[in-house]
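Chain by chain, the residues:
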Protein chains: 4
Amino acid sequence: MNARSTALVADTGRRNEAAILNAAIQAFGTKGFNGASMRDVAKGAGTSLSNLYNYFPSKSKLLAAALRHANLELQSRVLDAIDLAGDDAPSRLREAVRAHVGFVVDHQVATLVATNEVRYLDPEDRAALVADRDATQAAFERIVAQGAAEGSFRTPYATDAARAILSTVGAIASWYRPDGALSRGQLAEQYARYALALLEGPLAR
Amino acid sequence: MNARSTALVADTGRRNEAAILNAAIQAFGTKGFNGASMRDVAKGAGTSLSNLYNYFPSKSKLLAAALRHANLELQSRVLDAIDLAGDDAPSRLREAVRAHVGFVVDHQVATLVATNEVRYLDPEDRAALVADRDATQAAFERIVAQGAAEGSFRTPYATDAARAILSTVGAIASWYRPDGALSRGQLAEQYARYALALLEGPLAR
Amino acid sequence: MNARSTALVADTGRRNEAAILNAAIQAFGTKGFNGASMRDVAKGAGTSLSNLYNYFPSKSKLLAAALRHANLELQSRVLDAIDLAGDDAPSRLREAVRAHVGFVVDHQVATLVATNEVRYLDPEDRAALVADRDATQAAFERIVAQGAAEGSFRTPYATDAARAILSTVGAIASWYRPDGALSRGQLAEQYARYALALLEGPLAR
Amino acid sequence: MNARSTALVADTGRRNEAAILNAAIQAFGTKGFNGASMRDVAKGAGTSLSNLYNYFPSKSKLLAAALRHANLELQSRVLDAIDLAGDDAPSRLREAVRAHVGFVVDHQVATLVATNEVRYLDPEDRAALVADRDATQAAFERIVAQGAAEGSFRTPYATDAARAILSTVGAIASWYRPDGALSRGQLAEQYARYALALLEGPLAR
DNA sequence: GATGAATGAGGTTTCATTCAT
DNA sequence: CATGAATGAAACCTCATTCAT
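Our subject in this report is the structure included herewith.

Residue and element names in this part refer to chain C. Position of asparagine 16 among the secondary structure elements: in the segment before α1 (17-31). It is 8.2 Å that separates the C-alpha atoms of asparagine 16 and tyrosine 55, two residues lying 39 residues apart in sequence. Ignoring anything within four residues of it in the chain, the contact list for asparagine 16 reads Thr47, Asn51 and Tyr55.

Shown next as structure tokens:
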């Protein structure tokens, strides 16, 4: 359970693939997709510029691969958390939000890249990624719908609430500092409560 | 009250300045700061490439000027709304959020540029812009503090709530379509309620 | 009548255009289209690499422009010569061949580029060029047909003879040296006779 | 008598050598020497990129080997044809031309490569190849000289005529299509007559 | 103000070739 | 013989910026 490892992609068979993907996330996160050069990525990965092209056919495909990895990790964390939660909507929402916050904090840079640089993908890759992302959002939407049906969430705007919650959680990546005042756990708790409150659901105490 | 005009910057004394600034917003919004070229901006503004440099000394300063305009407009809208609102925190929050949502909808592209491209400014310009932005955020924070003191907002996490609210409102820019299901007014109303609920404040009905 | 000037393209309004086109012919002639770099062309033209792109949008378009110029010059020389010749097919053929040989000798490199590097053009540009070239060939074909009808050319293969003649003339460019044994005029005379003989037409004496 | 086999190089002892040579001819013929990559050749040969270097030490040497094969085949066809012909110059010329045309048609691509890409050889390899080619041309020149001495060829330009003939024959490679109007045999006959006519020799009928 | 021409730096990508296995 | 991974050099092209007019 090294869920909090800083590297998003684990080493695989092909020696440099993980290093390249992680370096790409860092480079694109620091300088933006167009601001970062393939040389930057190569340097970060500790390999040569031309060798990048033995792994990924273009800069754009490299971004696509990196984002695909990030999204899969996020998705599995969130879905796993929901599976392990209770049956009532508030519990499920709470765990989903906590898992999402956990991912954002563990992979802050990847989260930023995923929100800011998607536009630079090929249309096909972008569509695929958006579909993946929508799948995660759909899990939240199902919970919201369940809670609205059960009467535990009383906001009149349940339909769009998932989007509002997810955008706040994602934005954490743009300001969180590991050495800040809030611990990882406190932050997750806080945002879980924000989410429940926003839905006008039952709050502790 | 042409608050909903599509152009962010109105014509000024200098003949092309507004055209250039608006073209810059469009170009940076469409292709990103590094993806858009000064040629793109010139074409959008209907002038020549070299003429841009008679107005702005560098691409980076052009971005800075555009963002400064956007921030000033946002700030004045929000502060004006607060001034016109009642004295109690919930009313003030409601109007502030409604004004902010209005700006985001009216200047969607500028909002996106302001959140995604700030990083490409010179350190000084970025600092100045962040300060401006913080001033707007501070207005929200004051309202939250007031409400917490009055007892109308009961969230245990009042300190950070302003940030959560503002990030959700800003994110509207990334998905709103003028021809979508929600009108401008409905959207503002919806997000005002989200904000009050998130703060665990008094909701209508 | 500086028909024998070594530069194919005369200076025009845009200062460097002619220099670039001539340098391109030289570079592509010496090293081939793919073997020559845009830097080679720039150096030959006495300008900077990037400035080439202010005149031609791509290497391929530069080749297209150069070949267009060459073909136009060849075509005008041949058609003019035919216009000035007598009415009978043998005279017309003689003058057409002499004019063609003159072009090949005057613009040896351009002739080589035109035959060897056409394949590297965009499909559209290639089609346009081939159409131009076919127009020149058609002039020869008309003469051959006229002579066959008049009975002055008696080869049983008149239809394809124009192609055979033109290929031999074009091949001169691959071996001719100005300081060789044959003068420009002698060469033209010799190939005119080859052409008439190949068509089984009336030879002097 | 598989003179018309499409592959220029027959299988040899070394398993892949012929495949590589034939793939090289195709690749260089399609994209030019500098336009084709060693990867293209490897793909065409059905082997790996690095394996090419077990057979040929460099791209340039690969071209040299391919052209050597082509020239040997051409030379042997032409010399054999002359050996089998009668003693008089016209018969010998006729057979030589027919054999040459046959080679061009059977190995169209190789002929194109041999004329267009020789320039990319090392100086030594180029010299060797030109010497080989000159040997073939010399055979034609001897026939022309013989005919001029016998009085059967009456052109005043006998010395250079061989070159004119060979260039026309070689040019067939740039336009011949197997499904065109002329059969292989008709084409050979036609060009044999062109050659005799050009030399002002005795024509049938 | 306004423009067209010019340029140096740097970007992505390809490629011939090498090497360890 | 055969391969996959690796690399330095160089290719085409773009771009922010400058300058003379």
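Turning next to the pattern of salt bridges. Where charged atoms of side chains with opposite charge meet at close range, the side chains can pair. Here the structure, examined in full by the defined rule, presents 52 salt bridges over all chains. Among the ionic pairs, Glu117(A) bridges to Arg119(B), the shortest N-O distance being 3.4 Å. Taken together, the residues Glu117(A) in the loop between α5 (108-116) and α6 (123-150) and Arg119(B) in the loop between α5 (108-116) and α6 (123-150) connect one chain to another. Its salt-bridge partner being Asp40(C), residue Lys31(C) comes within 3.3 Å of it at the nearest N-O pair. Asp40(C) sits in the partly exposed class, given a relative accessible area of 27%.

Time to look at the protein's contact with DNA strand F. In the neighbourhood of DNA strand F, 31 residues make up the surrounding shell, with Ser50(A), Tyr55(A), Lys59(C), Ser50(D) and Tyr55(D) lying closest. Sugar plus phosphate, as a fraction of atoms of DNA strand F within 4 Å of the protein: 56%. Separating a phosphate oxygen of DNA strand F from a side-chain N or O atom of Thr47(A) is a distance of 3.0 Å. Along the lines of polarity and charge, the residues of the surface near DNA strand F split into ten nonpolar, 18 polar and three charged.

With that settled, the discussion passes to the interface of chain B and chain A. One widely used convention gives an interface's size as the accessible area the parts lose upon coming together. Taken together, the contact pairs 32 residues of chain B with 31 residues of chain A. Both sides of the chain B and chain A interface together cover about 2,600 Å² of buried area, and 54% of this is carbon and sulfur. The largest per-residue losses of area from chain B upon contact with chain A belong to Arg119(B), Tyr157(B) and Tyr194(B), which jointly make up 24% of the total buried on that side. Summed over the shared surface of chain B and chain A, the number is four salt bridges. In this structure, Glu200(A) engages Arg193(B) in a salt bridge whose closest nitrogen and oxygen atoms are separated by 2.7 Å. Counting the contacts that link chain B with chain A gives 14 residue pairs in polar contact (both at pLDDT 80 or more). Counting residues per element, the ones that place at least two in the side of chain B that touches chain A are α1 (17-31), α7 (158-171) and α8 (184-198) of chain B. Partitioning the side of chain B that touches chain A into residue classes produces 14 nonpolar, ten polar and eight charged.

Within the structure shown, the criterion is met by 20 aromatic pairs over all chains. Measuring from ring centre to ring centre gives 6.4 Å for Trp175(A) and Tyr176(A), while their planes differ by 65°; the resulting arrangement is edge-to-face. Aromatic side chains Tyr191(B) and Tyr194(B) sit 5.1 Å apart centroid to centroid with 80° between the ring planes, which places their arrangement in the edge-to-face category. Of this pair, Tyr191(B) and Tyr194(B) both sit in helix α8, three residues apart, which is roughly one turn of the helix. For the pair formed by Tyr191(B) and Tyr194(B), the shared burial category is buried. Taken together, Phe28(A), Phe33(A) and Tyr120(A) form an aromatic cluster joined through their ring pairs. Between the NZ or CZ atom of Lys59(A) and the centre of the ring of Phe33(A), over which it lies, the distance is 4.6 Å. Of note, Arg163(D) hangs over the ring of Trp175(C), and the distance from its end group to the ring centre comes to 3.5 Å.

Conventions and cut-offs
- Residues numbered from 1 in each chain as written.
- Chains lettered and ligands numbered in written order.
- Predicted model: local features only at pLDDT ≥ 70, side-chain atom pairs only at ≥ 80, totals over all residues.
- Heavy atoms only, no water.
- Helix = DSSP H or I, 4+ residues; strand = E, 2+ residues; numbered from the N terminus.
- Contact = heavy atoms within 4.5 Å.
- Salt bridge = Lys/Arg side-chain N within 4 Å of Asp/Glu carboxyl O.
- Buried < 20%, exposed > 50% of the residue type's maximum accessible area, 1.4 Å probe, protein only.
- Near = heavy atom within 4 Å.
- Polar contact = N/O pair within 3.5 Å; in protein donor to acceptor, adjacent residues only side chain to side chain.
- Nonpolar A, V, L, I, M, F, W, Y, C, P; charged D, E, K, R; others polar.
- Buried area = accessible area lost by both parts, 1.4 Å probe.
- Phe/Tyr/Trp six-rings, centres within 6.5 Å; stacked < 30°, edge-to-face > 60°.
- Lys NZ or Arg CZ within 6 Å of the ring centre and 35° of its normal.

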